[in-house]
Amino acid sequence: MRSGERAGSATRPRGHELSAEHMTVSYDGVDVVHDAAIQLRPGEVTALVGPNGSGKSTLLRTVARLQGARRGTLTLDSGTADAADGFDLTARQFARRVALLTQGRPTPGGLSVRDVVEFGRYPYRGRWGQADVGGAAVVERVLTLTGVDNLADRAVDQLSGGQLQRVWLASCLAQETGVLLLDEPTTYLDLRYQIELLDLMRDLADDGGIAVGVVLHDLDQAAAVADRIALLDAGRIVADGAPADVLLPERLSETYGIRIEVDTDPLTGRLRTRAIGRHHSRSERLHTSS
């Protein structure tokens, strides 16, 4: 990703709002997400956080239609036309509105970086190879935006995990959707690209009017990038609101099963968290006793 590059020039503002209500998801007859409701608004970043197994990735995959729901509604509203039932849209119609960056995508063999990014244009291609007007320009823009333009002709099976993650992100951005869903997108990225990805998410929301939903494990990253945070525990959303209203030490400690402190970073003014393990507690006791 290019430092200082803005996302607005690479995405076409569409302003879709995605709302899920009463979403219940089951595996082998056992409910793993219970009556969840989430609303992704244009121009906002919503982060889903919670312990392993809390259901955050399952919920994200369900609203992306990769996972079936036992019960619930999914609505897409552009604000300029009648709202659409997200479950009734064709795959192509849905893909023009919602893009998902999943975890652990397989590495395709025999393809270049540009080939993979061009996959993101499939919703705009005709059934008999009709031209994707403007598609080539979009591909070039997102290659630059994600910082992989210098790798465009390289085989994807020669890339590092972090490079491949950015290629898949570029493919999602090439869909030019109004909703972008990302499942743990900072996985495999070094510190620089983690921060640049968070900046890109904010640019997509602020400049492109995109509704961004992202699963994150890092609570500090969620506090830094999100307008809203949904905290999940055992398949239920136990809190949903502004970071300052959700990231409360008592609530986080109960949810994660470990003491978590929350304060404000004096440099950035943002919330920051600190999990207190056994060795931290011992150091505190020694410091106090001295």
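Criteria and cut-off values
Throughout this description, residue numbers start from 1 for each chain and increase along the sequence as written. Where local features are concerned, this predicted model is filtered to residues with pLDDT of at least 70; where side-chain atom pairs are given and counted, the filter is 80 or more; whole-chain, interface and lining totals use all residues. Side-chain measures here rest on the full set of heavy atoms in the structure, leaving out hydrogens and waters. Note on conventions: DSSP H or I runs of at least 4 residues are helices, E runs of at least 2 residues are strands, and numbering of each starts at the N terminus. Exposure categories follow from relative accessible area, calculated using a 1.4 Å probe and restricted to protein chains: below 20% of the type maximum is buried, above 50% is exposed, and the middle band is partly exposed. By definition in these notes, contact holds between two residues if any of their heavy atoms fall within 4.5 Å. Under the pairing criterion, centres of Phe, Tyr and Trp rings, with the six-membered ring standing for Trp, must be within 6.5 Å; the plane angle then separates stacked pairs below 30 degrees from edge-to-face pairs above 60, leaving the rest tilted. To sit over a ring, a charge needs its Lys NZ or Arg CZ within 6 Å of the ring centre and within 35 degrees of the ring normal. DSSP-based pairing: two strands are paired if at least 2 bridges between them are found. When a carboxyl oxygen of Asp or Glu lies within 4 Å of a side-chain nitrogen of Lys or Arg, that pair is called a salt bridge. To obtain each axis, a line is fitted to C-alpha atoms, and for helices this fit is confined to the stretch in contact; angles are then taken between N-to-C directions over 0 to 180 degrees.

Identification of the protein chain as ABC transporter ATP-binding protein from Streptomyces durmitorensis is taken from an unreviewed UniProt entry.

### Considerations on the overall build of the protein chain
Along the protein chain, the regular secondary structure elements total 10 helices and 12 strands. Evaluated residue by residue, the protein chain yields a buried proportion of 46% over its 290 residues. Pairs at least 24 residues apart make up 67% of the contacts formed inside the protein chain by residues separated by at least 6 positions.

### A word on helix H1 (residues 56-63)
Because each turn of an α-helix spans 3.6 residues, side chains separated by three or four positions end up pointing in the same direction. With 7 of 8 residues buried, H1 is to be regarded as a mostly interior element. Buried within H1 we find Lys56, Ser57, Thr58, Leu59, Leu60, Thr62 and Val63. Arg65 lies just past H1 and shows a positive phi near 70°.

### What about the environment of Gly43?
Topologically, Gly43 is positioned in the loop between strand S2 (30-40) and strand S3 (45-49). C-alpha of Gly43 to C-alpha of Gly208: the two residues are 165 residues apart in sequence and 7.3 Å apart in space. Discounting residues that sit within four places of it in the chain, Gly43 has contacts with Arg202, Ala205, Asp206, Gly209, Ile210, Ala211 and Asp227.

### Let's talk about the packing of aromatic side chains
For the structure shown, the criterion picks out 0 aromatic pairs. The side chain of Arg65 reaches across the aromatic face of Phe94, ending 4.3 Å from its centre. Between Arg166 and the ring centre of Tyr193, over which it is positioned, the NZ or CZ distance is 3.8 Å.

### Examining the pairing of strand S12 (residues 271-276)
Relative to S12, strand S11 (residues 259-264) is paired through 6 bridges, and the arrangement is antiparallel. Note on S12: the bridge partner recorded for Asp263 is Arg272. Between the end of S11 and the start of S12, which pair antiparallel, lie 6 residues, with Gly269 showing a positive phi angle near 75°.

### Observations concerning the pattern of salt bridges
Within this structure, the stated rule accounts for 15 salt bridges. Close ionic contact of Asp35 with Arg71 constitutes a salt bridge, the shortest N to O distance being 3.4 Å. Residue Asp35 is found in strand S2, and its partner Arg71 is found in strand S4 (residues 71-77); the two are separated by 36 residues along the sequence. What makes Asp35 partly exposed here is its relative accessible area of 40%. Between Arg114 and Asp153 there is a salt bridge whose closest N-O contact spans 2.8 Å. With Arg114 in helix H3 (residues 113-118) and Asp153 in the loop between helix H4 (135-145) and helix H5 (161-173), the pair connects residues that are 39 residues apart, well separated along the chain. Accessibility expressed as a relative area gives 22% for Arg114, which makes it partly exposed. Several salt bridges share partner residues, and in doing so they unite Arg114, Glu140 and Asp153 into one network.

### Focus on the sheet that holds strand S1 (residues 17-27)
What the 4 strands build is an open sheet, ordered S2-S1-S4-S5; its pairing is antiparallel. The open sheet terminates on both sides in strands that have one partner only, identified here as S2 and strand S5 (84-85). As judged from the 7 bridges shared by S1 and S2, these two strands associate in the antiparallel manner. For Leu18, the partnering residue across the bridge sits in S2 and is Leu40. H1 contacts S1, S2 and S4 of the sheet and is inclined by roughly 120° relative to S1.

### Let's talk about the environment of Pro249
The residue Pro249 is located in helix H9 (residues 249-256) in this model. Through-space distance from the C-alpha of Pro249 to that of Arg274 is 9.4 Å; in sequence the pair is 25 residues apart. Those residues in contact with Pro249, other than ones at most four positions away along the chain, are Ile260, Glu261 and Val262.

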